[in-house]
Amino acid sequence: MRAVVYSASGERPLVREVPVPQCPPDGALVRVEATGVCRSDWHAWRGHDPVRLPHIPGHEFAGVVAAVGSGVRRFGQGDRVTAPFVNGCGKCSWCLAGNAHVCPDQTQPGFTHAGSFAEYVVVRAADVNLVALPESVDALAAASLGCRFATAFRAVTAHGEVGEGTELAVFGCGGVGLSTVMIATALGARVTAVDVSEAALERARALGGVHTVNAVESDPADAVVHATAGGAHVTVDAIGSPATAHAAIRSLRRRGTHVQVGLMLGENAEAPLPWGRVIAWELRVLGSHGMPAVDYPALLDLVRDGRLHPERLIGDVVDLQGAADALVAMDGSQAAPGMVVARVS
């Protein structure tokens, strides 16, 4: 099969012929129709997230089941599917409780094993991790759900409990941030978007943001409190920095909820927060990491009903070589606007 492969961190990925992966007894072999290019793929390629080399990246995909192992009961050849970027083992207490995305024995296509920048990808523990796709959701749209939209959906629903009239402020209008804007708007929330880029803020307005705040021109917390008439009910940090997390918490009204989605990497992992305000105002601070397969139906219902249009975030549709080029382009300002999705088959 054809796949994008790199043999060293930072080495330019190339499209090569490699063997089709074997289908495990509890897993599925999926023929990839479309796969997204994500910043997390770039982190692995750059060596920030160690992977076994040589490596095939890719963790946002949609396709058709080509084969299943002898232990798989819920899916069969020909089924249209996608999968979360975190796959649970299917056996531990976390998986059995519906929380496969925090499984201690989790696997991740594109990180723990070969990913979806290829004609075929393996999903382990398929009965727990595969998601059946409605016919009305095409492969390109489904591929865009796997990381950004799924992460944003769980952040605003399971953690933020966002609904009609919720004042939500999202810090950072990249892929996850704009997905948050779209999902919260579809659920009836009033969204204030914060970023340092006017182009990103314009995109947020086009996707449903009611207010926008340029964090360069004003104190973002003060601006959010003013825009939301007293502070947001829910804030989401979709960037992952001490400054944005701190500002997001200062933007909350009393008894509000902050959801941390952006990764705090390196020295930022131990960044302090304004704990005095957290305690005095009874604020909730929650982490959010992906979404399990069992939670996908509610997200897919929004897409199927026409309330959510993930394809609006797609900037370029490319081939496998284009996916490799897009990964390299994330090194600098030449990165393409919008999400890049590769049409594989």
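For the structure, check the block above.
Let us look at the structure shown here. (Residues numbered from 1 in each chain as written. Predicted model: local features only at pLDDT ≥ 70, side-chain atom pairs only at ≥ 80, totals over all residues. Heavy atoms only, no water.)

Glancing now at the environment of Ser40. Within the element layout of this structure, Ser40 appears in helix α1 (residues 39-45). Every residue in contact with Ser40, bar those within four places of it in the chain, is listed here: His59 and Phe111. (Helix = DSSP H or I, 4+ residues; strand = E, 2+ residues; numbered from the N terminus. Contact = heavy atoms within 4.5 Å.)

Here the focus is the sheet that holds strand β12 (residues 252-260). Sheet strands pair via backbone hydrogen bonds, and the direction of the pair is either parallel or antiparallel. Here we have six strands laid out as an open sheet, ordered β10-β9-β8-β11-β12-β13, and parallel in their pairing. On the outer flanks of this sheet lie β10 (211-214) and β13 (284-287), each paired with one strand and no other. On average, each strand axis in the sheet is inclined to that of its neighbour by 20 degrees, with strand direction left out of account. Here four bridges tie β12 to β13, and the two strands are oriented parallel to one another. Within β13, the position partnered with Val259 by the bridge is Leu286. (Pairing = 2+ DSSP bridges. Axes fitted to C-alpha atoms, helices over the stretch in contact; angles between N-to-C directions.)

Attention shifts here to a nonpolar patch on the surface. Taken together, the side chains of Trp275, Ile279 and Val285 make up a nonpolar region of the molecular surface, amounting to roughly 310 Å² of accessible area. Positionally, Val285 belongs in strand β13. Overall, Val285 belongs to the partly exposed group, its relative accessible area being 31%. (Patch = residues over 30% accessible without salt bridge, like charges linked within 9 Å, V, L, I, M, F, W, Y side chains within 5 Å. Areas by Shrake-Rupley, 256 points an atom, 1.4 Å probe, with all protein chains shown as cover. Salt bridge = Lys/Arg side-chain N within 4 Å of Asp/Glu carboxyl O. Buried < 20%, exposed > 50% of the residue type's maximum accessible area, 1.4 Å probe, protein only.)

Turning our eyes to something else, we now look at the side chain of Asp195. Note on placement: Asp195 falls in strand β9 (residues 190-195). At 11 Å, Arg205 is the nearest oppositely charged side chain to Asp195, a buried residue that forms no salt bridge. Apart from residues no more than four positions distant in its own chain, Asp195 is found in contact with Gly172, Cys173, Ala200, Leu201, Val213, Asn214 and Ala215. (Lys, Arg positive; Asp, Glu negative; His and termini not counted.)

With that settled, the discussion passes to the pattern of salt bridges. One pass over the full model with this rule turns up nine salt bridges. The closest approach of N and O atoms between Arg304 and Asp301, which form a salt bridge, is 2.3 Å. Here Arg304 pairs with Asp301, and both are found in helix α11 (residues 296-304), just three residues apart, close to one helical turn.

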